[in-house]
Amino acid sequence: MHNLQATSIRYLDGQLWVLDQHQLPHQESWLLCQSVDDMVNMIQHLQVRGAPLIGIAASLLLGHLAASQSYTLEQLREAAETLRAARPTAVNLMNNMDSMLAVLHTQGIEYLPQEAERLFNEDVALCNAIAQHGAPLLGNNSNVLTHCNTGSLATVGVGTAIGVIQAAHAQGKNIHVYVDETRPLLQGGRLTTWEMKKHDIPHTLICDNMAALLMREGKVDAVLVGADRIAANGDFANKVGTYSLAVNAHYHHVPFYVVAPYTTVDTECPDGNGIPIEERAAAEVQGVSGHFGSVNWSPEETPVFNPAFDVTPANLVTGWILDTGVYTQSDVASGVLKAALQSDGKTL
Ligand SMILES: CSC[C@@H](O)[C@@H](O)C(=O)COP(=O)(O)O
């Protein structure tokens, strides 16, 4: 495979490196990924995270293993199936693994590295297309609220929701971003703030439970979020807390956009009820663990509910900003989104 470089993943001289997102924003350290077990661990511990990024990271690992010429077709098939199951909600991982498996079966092992590279380059192009479609929706002097992290730490390109914000900022618009801290794992507080600072975009960090207050005070002009899986009827799963934001935005008449590449759309899934939601360890809610060590603030063995994602129904969404364009509720209801994907040869 050729050398490939993104903010959070690198393939350099035959070695695959992943930026350890656990250590951000305090430390930028890179982890060498050499095996399926390494990658599954990094994905499950969110050292590599974000729907598009985990799909590309798993693809690069498969391409790397194939290039080493020491794996049989059966071993690579098993590796793809194991990687495919590493996290259940983000459909990009399944879609990318299915592309790799299709190439493996129809063309053979030697074509896996180039398919991984194609998926990497495609994600960069998809992010750029999304940003170009979405940026015109943000006016000058806009206050945008976002949740979780959807930038270059979640994709190999400029990101989805953050890509749109960055493009509008680059067009010279005065954009200010309210960054939800995103409990329990603080992807907003740790990662989105890091990206905003890097891009010099004015921003303010808030706790998730402050969003409604800002909306009531008229301080939010638009909410932009990413997605881990968009069902055929437009319902979508994203980081837990997104649904509350959508309800609040609807109540306060604030436009609410979901931003994603076509690789996040699951046309086989009729609606949000069919989206599997990952439940994670109680410890993530009982306390924190990270760069500064760990602290547990609840009594031991406190029962916990910790879904990593929630589903937002399509009727709360103002628009779906995809690489193929911006879709309204009536577009999605009448199947225009599905048709657009198919006419672009993007049937998944
Ligand atoms: C472009 S990223 C879109 C989503 O993947 C993002 O909003 C999100 O929910 C990420 O969750 P994470 O658990 O950090 O992988």
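Residues numbered from 1 in each chain as written. Predicted model: local features only at pLDDT ≥ 70, side-chain atom pairs only at ≥ 80, totals over all residues.

A. Structural detail: the overall build of the protein. Scanning the protein from N- to C-terminus turns up 12 helices and 17 strands. Here the C-alpha radius of gyration of the protein, 19 Å, is about what a compact globule of 348 residues would show, namely 20 Å. Taken along its principal axes, the extent of the C-alpha atoms in the protein is 60 × 50 × 40 Å. Here the protein holds 348 residues, and 49% of them are scored as buried. Taking contacts inside the protein between residues at least 6 apart in sequence as the whole, the part at least 24 apart equals 74%. (Helix = DSSP H or I, 4+ residues; strand = E, 2+ residues; numbered from the N terminus. Rg over C-alpha atoms; globule rule 2.2 N^0.38 Å. Buried ≥ 20, exposed ≤ 12 C-beta atoms within 10 Å, placed from the backbone. Contact = placed C-beta atoms within 7 Å.)

B. Representation of the UniProt feature "site: Transition state stabilizer" (unreviewed entry) in the protein in the model. In the numbering used here, UniProt assigns the feature "site: Transition state stabilizer" (unreviewed entry) to Cys 148. Mapped onto the elements, Cys 148 comes out in the loop between strand S5 (142-146) and helix H6 (161-170). Beyond its immediate stretch of four places on either side in the chain, Cys 148 contacts Thr 182, Gln 187, Gly 188, Gly 226, Asn 238 and Lys 239. (UniProt positions renumbered as here; feature names shortened; annotations may be inferred.)

C. Geometry of the sheet that holds strand S9 (residues 229-231). An order of S12-S9-S10-S15 is seen for the 4 strands of this open sheet, with the pairing classed as mixed. The open sheet terminates on both sides in strands that have one partner only, identified here as strand S12 (265-266) and strand S15 (309-312). By the bridge criterion, 4 bridges tie strand S10 (residues 236-239) to S15 in an arrangement that is antiparallel. Across the sheet, the residue bridging to Asn 238 is Asp 310, located in S15. (Pairing = 2+ DSSP bridges.)

D. How the structure looks around the packing of helix H1 (residues 36-44) against helix H3 (residues 73-84). Contact pair H1 / H3: the axes reach a minimum separation of 10 Å and the direction vectors enclose 10°. The orientation of H1 relative to H3 falls into the category roughly parallel. Of the residues in H3, those touching H1 at Val 36, Met 39 and Val 40 are Ala 79, Thr 82 and Leu 83. A class-by-class count of the residues in the contact of H1 with H3 yields 5 nonpolar, 1 polar and no charged. (Axes fitted to C-alpha atoms, helices over the stretch in contact; angles between N-to-C directions. Parallel < 35°, antiparallel > 145°, perpendicular 65-115°, else oblique. Nonpolar A, V, L, I, M, F, W, Y, C, P; charged D, E, K, R; others polar.)

E. Layout of the confidence of the model for the protein. Taken as a whole, the protein shows an average pLDDT of 96; of its residues, 98% reach a score of 70 or greater. Across the interface, the model reports ipTM at 0.98; the global pTM reads 0.96. (pLDDT = per-residue confidence, 0-100.)

F. Up close: the environment of Gly 218. If you trace the backbone, Gly 218 turns up in the loop between helix H8 (211-216) and strand S8 (222-225). Using a count of 10 C-beta atoms within 10 Å as the deciding quantity, one classes Gly 218 as exposed. Distance in space between the C-alpha atoms of Gly 218 and His 253 is 9.8 Å, their sequence separation being 35 residues.

G. The nonpolar core, seen in detail. One finds Ala 57, Leu 62, Val 164 and Val 223 to be the most contacted residues of the largest nonpolar core, which totals 102 residues. Composition of this core by domain shows at least three residues from each of domain 1 (4-126) and domain 2 (131-343). When neighbours within four sequence positions are excluded, Leu 62 is seen to be in contact with Leu 76, Ala 79, Ala 80, Leu 83, Met 100, Leu 112 and Ala 116. (Core = buried A, V, L, I, M, F, W, Y, C linked by C-beta atoms within 7 Å. Domains from an automatic or database assignment.)

H. Looking closely at the sheet that holds strand S2 (residues 9-12). Taking strand neighbours across the sheet as the criterion, the 4 strands line up as S1-S2-S3-S4 in an open arrangement whose pairing is antiparallel. Only two strands of the sheet have a single neighbouring strand rather than two, namely strand S1 (4-5) and strand S4 (30-33). The pairing of S2 with strand S3 (residues 15-19) spans 4 bridges and is classified as antiparallel. Counterpart to Arg 10 in the pairing with S3 is Trp 17. Of the strands in this sheet, S2, S3 and S4 are in contact with helix H2 (residues 51-67), which crosses S2 at around 15°.

I. Region of interest: the site of the ligand. In the vicinity of the ligand, 19 residues are found, and the nearest of them are Arg 49, Ala 51, Ala 154, Gly 226 and Lys 239. By residue class, the composition of the shell around the ligand is 8 nonpolar, 8 polar and 3 charged. Taken domain by domain, the makeup of the shell around the ligand includes at least three residues from each of domain 1 (4-126) and domain 2 (131-343). (Near = placed C-beta within 6 Å.)

J. Local environment of the domain arrangement of the protein. The domain boundaries assigned to the protein delineate domain 1 (4-126) and domain 2 (131-343). Measuring from the centre of the C-alpha atoms in domain 1 to the corresponding centre in domain 2 gives 23 Å. Taken residue by residue, the interface counts 31 residues in domain 1 and 30 residues in domain 2. Secondary-structure elements contributing two or more residues to the side of domain 1 that touches domain 2 are H2, helix H4 (91-106) and helix H5 (112-134). For the side of domain 1 that touches domain 2, a count of residues per class yields 15 nonpolar, 13 polar and 3 charged.

K. Inspection of unusual backbone geometry at higher detail. For the bond running from Leu 24 to Pro 25, omega is 5°, close enough to zero to count as cis. By the secondary structure assignment, Pro 25 is in the loop between S3 and S4. The omega angle of the peptide bond from Arg 183 to Pro 184 is 5°, so this bond is cis rather than trans. Residues other than glycine seldom take positive phi values, yet His 253 does so here, at roughly 60°. Residue placement: His 253 occurs in the loop between helix H9 (242-251) and strand S11 (256-259). Residue classification places His 253 among the exposed positions, given that 8 C-beta atoms sit within 10 Å.

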